[in-house]
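# Structural description and commentary
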Amino acid sequence: MAPVTDRTTGPIVAAAATISIALVSYCFYYNKSDTKTTNSKKKKTSKPKPSKKGLVDAIGNTPLIRINSLSDATGCEILGKCEFLNPGGSVKDRVAVKIIEEALESGKLSQGGVVTEGSAGSTAISLATVAPSYGCKCHVVIPDDAAIEKSQILEALGATVERVRPVSITHRDHYVNIARRRAIEANEFASKHRKADCLDGKEPAQINDYGPDETKQSSVFSSDCTGGFFADQFENLANFRAHYDGTGPEIWEQTGDRLDAFVAAAGTGGTVAGVSRFLQEKNRNIKCFLVDPPGSSLFNKVTRGVMYTKEEAEGKRLKNPFDTITEGIGINRLTQNFMMAKLDGAFRGTDREAVEMSRFLLKNDGLFLGSSSAMNCVGAVRVAQSLGHGHTIVTILCDNGMRHLSKFYDAQYLFQYGLTPTATGLEFLDIK
């Protein structure tokens, strides 16, 4: 992946400052059915909604909005689930809550414990946001090519952050593998300080066949740490369940029998898997699609059943070149979460399409979206083009652009990679 720059641009900051005003006009729920009124009947006064019981209770039940510009351009109803309106600012809030609650219920995590995770940003931010509500702390290992503002947000939220160089997942120092070791170290640290009446005679020596890092100082954990738990967002099926139990049912309720298709990109695979499986169990006629960024192998898996292209199979180029400026999506291995997906097809998106889409939506709809959200909207247009006029398509608006200022919204960074936006409309998706 490309190096990070810290420079932001004035126009984008200005756009960010006004986003809340622009969003107000769009945050309307997509009603399940038309309401019928008559002059002879008086409207009933609705009861006031009860207040939310804390931050965690405010997660989920996000609005589903019509993306007007894309809907008008394609002749389809293209709807976006506004996950950026969750308290922690992204769809990963749902996952963080599910992972922590299941860990607490199982006894793998206790109050005073530290949740560790290897994350490119959003999941870690959500874990750091909700962990205090459960009396826990958060330790994050993040690749150093992720947008710098993500690390800054994590530190502001009170998480401890390690930035490490990007390496293959098979390397022991991949950020996910380091996070796994940190959980082991937290358990060992806690066992040395635990009172005798709290000991059960067992010490977790290994997690997923990985032992502790002997060279890492335990001083990164506070003296009152009760142990560690590795969130494992890629393989932990609590991720899938968060969307199967929450996001999917919400979309179904908000669209009813008017939904024709769902599309989203995948990183861990939890969102696309949980939503697609739930929707297709409700109605097999609902088509579910993946949109995949450059360098990711999931498009090949869905369309051809293998994790490589025809050119790669013939030895014409190296396998799995990963070169995309989008963050949080695209992967070159199958996760337990992604394997739960029920997909009818896949589309390949490009960095240029994602960049152009983000600027188009900001200009025409006041939607200031992150890179994965922009790619999802590219996918929604591709689905609309494939199905034809008159269909209802839902995608996920994962997070807003505030976490992407130093890369995805930085003019100098984009110029460096030949991605300066130039489109005046949707011509980059063959729409005149």
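This write-up is about the structure you can find in this document. Not measured: the values here are computed from a predicted model. Throughout, residues of each chain are indexed from 1 in the direction in which the sequence is written. Under the rules for a predicted model, residues below a pLDDT of 70 receive no local features and side-chain atom pairs below 80 are neither given nor counted, while totals for whole chains, interfaces and linings still include all residues. Calculation of side-chain values draws on the structure's entire complement of heavy atoms; hydrogens and water are dropped beforehand.

Relative to the elements of secondary structure, E83 occurs in the loop between β2 (77–82) and α4 (92–106). Throughout, exposure labels follow a simple rule: accessible area from a 1.4 Å probe, protein chains only, divided by the maximum for the residue type, with under 20% read as buried, over 50% as exposed, and the rest as partly exposed. Given a relative accessible area of 0%, E83 falls into the buried group. Polar contacts here mean pairs of N or O atoms no more than 3.5 Å apart (in protein, one a potential hydrogen donor and the other a potential acceptor; neighbouring residues in sequence count only if both atoms are side-chain atoms). Polar side-chain contacts of E83 include one of 2.5 Å to the side chain of T62. A distance of 3.0 Å separates a polar atom in the side chain of E83 from a polar atom in the side chain of N86. Starting at the N terminus, helices and strands are each numbered in turn, a helix being any DSSP run of H or I of at least four residues and a strand any DSSP run of E of at least two.

To continue, consider the packing of aromatic side chains. Pairing of aromatic rings covers Phe, Tyr and Trp, the last through its six-membered ring, and needs centres within 6.5 Å; plane angles under 30 degrees mean stacked, over 60 mean edge-to-face, and all others mean tilted. Inspection of every chain in the model, using the stated rule, returns 7 aromatic pairs. Seen from their ring centres, F289 and F347 are 5.5 Å apart, and the 55° between their planes marks the pair as tilted. Residue F289 is located in strand β8 (residues 287–292), and its partner F347 is located in strand β9 (residues 345–348); the two are separated by 58 residues in the primary sequence. F347 carries the same exposure label as F289, and that label is buried. Between the aromatic rings of Y413 and Y417, the centroid separation amounts to 5.1 Å while the plane-to-plane angle is 55°, which identifies the pairing as tilted. In textbook terms, an aromatic cluster arises when at least three aromatic residues are bridged by ring pairs, as seen for F240, Y244 and F278. In our convention, an over-ring charge means Lys NZ or Arg CZ found within 6 Å of a ring centre and within 35 degrees of that ring's normal. It is R333 that lies over the ring of F234; its NZ or CZ is 4.9 Å from the centre. Above the ring of F408, the side-chain terminus of R359 is found at 5.5 Å from the ring centroid.

With that out of the way, let us pick up the packing of helix α12 (residues 351–365) against helix α13 (residues 371–387). The geometry of a pair of packed helices is captured by two quantities: the angle between their axes and the separation between those axes. Packing of α12 against α13 brings their axes to within 8 Å, and their N-to-C directions diverge by 95°. Classified by the interaxial angle, the pair formed by α12 and α13 is roughly perpendicular. Of the residues in α13, those touching α12 at E353, A354, M357, S358 and L361 are S371, A374, M375, C377, V378, V381 and R382. Convention adopted: a line fitted to C-alpha atoms gives each axis, helices being fitted over their contacting stretch, and angles between N-to-C directions are expressed from 0 to 180 degrees. Small angles under 35 degrees read as roughly parallel and large ones over 145 as roughly antiparallel, with 65 to 115 read as roughly perpendicular and the rest as oblique. Whether two residues are in contact is decided by their heavy atoms, any of which lying within 4.5 Å being enough.

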